[in-house]
Amino acid sequence: MPPDTQAVRASMVRKLAAQGVREARVLAAMEAIERHRFVDSALAAQAYEDTSLPIGLGQTISKPSVVARMLDLLLQGRAQPLGRVLEIGTGCGYQAAVLSRLAAEVYSIERLRGLHERARENLRPLRLANLHLLLGDGMQGYAKGAPYAAMIAAAGGQAIPPAWLEQLAPGGRLVAPVETAAGLQALVVVDHTPGGMRQTVLEPVHFVPLKAGVL
Ligand code: SAH
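Trainee: Can you explain the overall build of the chain? Please cite residues and give values.
Mentor: Of the regular secondary structure elements, the chain holds 6 helices and 11 strands. Taking 17 Å as the expected radius of gyration for a compact globule of 215 residues, we find that the chain reaches 16 Å, a close match to that expectation. Taken over the C-alpha atoms alone, the chain extends approximately 50 × 40 × 40 Å along its principal axes. When contacts within the chain are restricted to residue pairs at least 6 apart in sequence, those whose partners lie at least 24 apart make up 56%. Accessible area of the chain: about 10,100 Å², with a carbon and sulfur share of 54%. Side-chain charges in the chain split into 22 positive and 18 negative, and the spacing between the mean points of these groups amounts to 2 Å.

Trainee: Explain the packing of helix 1 (residues 5-18) against helix 2 (residues 24-32) to me, and be specific about the residues and the numbers.
Mentor: In contact at an axis separation of 8 Å, helix 1 and helix 2 are set at 155° when each is read in the N-to-C sense. Relative to helix 2, the element helix 1 lies roughly antiparallel. When you trace helix 1 past helix 2, the crossing you get is right-handed. Contacts from Gln6, Arg9, Ala10, Met12, Val13, Leu16 and Ala17 in helix 1 reach Leu27, Met30, Glu31 and Ala32 in helix 2. Across the contact of helix 1 with helix 2, the residue classes break down as 8 nonpolar, 1 polar and 2 charged.

Trainee: Go over the packing of helix 2 against helix 3 (residues 64-75) with me, naming the residues and quoting the values.
Mentor: Look at helix 2 against helix 3: their axes get within 9 Å of each other, and the N-to-C directions meet at 140°. Taken together, the axes of helix 2 and helix 3 lie oblique to each other. Every pair of crossing elements has a handedness; the one defined by helix 2 and helix 3 is right-handed. Counted together, Arg25, Val26 and Met30 of helix 2 and Pro64, Val67, Ala68, Leu71, Asp72 and Leu75 of helix 3 form the full contact between these two elements. Its residues assigned to classes, the contact of helix 2 with helix 3 shows 7 nonpolar, no polar and 2 charged.

Trainee: Could you give an account of the sheet that holds strand 6 (residues 148-153), naming the residues involved and the relevant values?
Mentor: Strands sit in the order 5-4-3-6-8-9-10 across an open sheet of 7 strands; the sheet is mixed. Each end of this open sheet is capped by a strand with a single partner; those strands are strand 5 (131-135) and strand 10 (196-205). When strand polarity is set aside, the average angle formed by the axes of neighbouring strands in this sheet is 20°. Strand direction decides the pairing type here: strand 6 and strand 8 (residues 168-181), joined by 4 bridges, are parallel. Bridge pairing links Ala150 to Arg173 in strand 8. Sheet contacts for helix 3: strand 3 (82-88), strand 6, strand 8, strand 9 (184-193) and strand 10; angle to strand 8, the most-contacted strand, approximately 145°. Relative to the sheet, helix 5 (residues 113-123) contacts strand 4 (103-110) and strand 5, its axis offset from that of strand 5 by approximately 160°.

What counts and what doesn't
Residues numbered from 1 in each chain as written. Predicted model: local features only at pLDDT ≥ 70, side-chain atom pairs only at ≥ 80, totals over all residues. Heavy atoms only, no water. Helix = DSSP H or I, 4+ residues; strand = E, 2+ residues; numbered from the N terminus. Rg over C-alpha atoms; globule rule 2.2 N^0.38 Å. Contact = heavy atoms within 4.5 Å. Areas by Shrake-Rupley, 256 points an atom, 1.4 Å probe, with all protein chains shown as cover. Lys, Arg positive; Asp, Glu negative; His and termini not counted. Charge placed at Lys NZ, Arg CZ, Asp CG, Glu CD. Axes fitted to C-alpha atoms, helices over the stretch in contact; angles between N-to-C directions. Parallel < 35°, antiparallel > 145°, perpendicular 65-115°, else oblique. Left-handed = near helix turned anticlockwise from the far one by under 90°. Nonpolar A, V, L, I, M, F, W, Y, C, P; charged D, E, K, R; others polar. Pairing = 2+ DSSP bridges.

Have a look at this one:
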């Protein structure tokens, strides 16, 4: 690990911008959050490469370009910071930390107790008062925090769970990977418009599966 991780993050962010990430707020948040603190120390040297990495229990931290792409989609066209946001799939807590700099309140839910606890440990030193970690089945969303201005899933199922649509505020936007054919996923955006839910299917992606229940 180079001693100056700030310089490494600045270089990561320059590459993300060159790849088309437009939102300066997303780039600033990703420049600030130390991704290497969220992965095993043996993997820290790879933390600022554009790669997904194992975080235990068969799960992975999404690669920086995918995190940036999804957050860019959430902020697009919004001058104001986001209000309440729900993240499904806390994992190691990295994306939740980035989100906490972009939204008023962040609820992040994880179904695996081991990862929920690891995320809590990883996030403790950051003291992010607007970030709320929950252990539960995110396929049900989290009704107590609803409605959400934005929802973001880090795991993909066969369809968008109905609870997510019910908990999306008018004017709100949801970004999630969804299965398009056996073993294939695409990034899907759902906008809650006055005329109803408007869905847009974007590029192919590869996320871990969305699963029901808490373990
Ligand atoms: N944003 C995370 C990515 C973690 S990978 C990070 O920055 O590390 C996706 C996570 O979604 C996994 O930890 C997986 O356990 C979780 N997951 C899958 N189905 C879920 C569900 N129904 N509810 C909550 N979390 C779920």
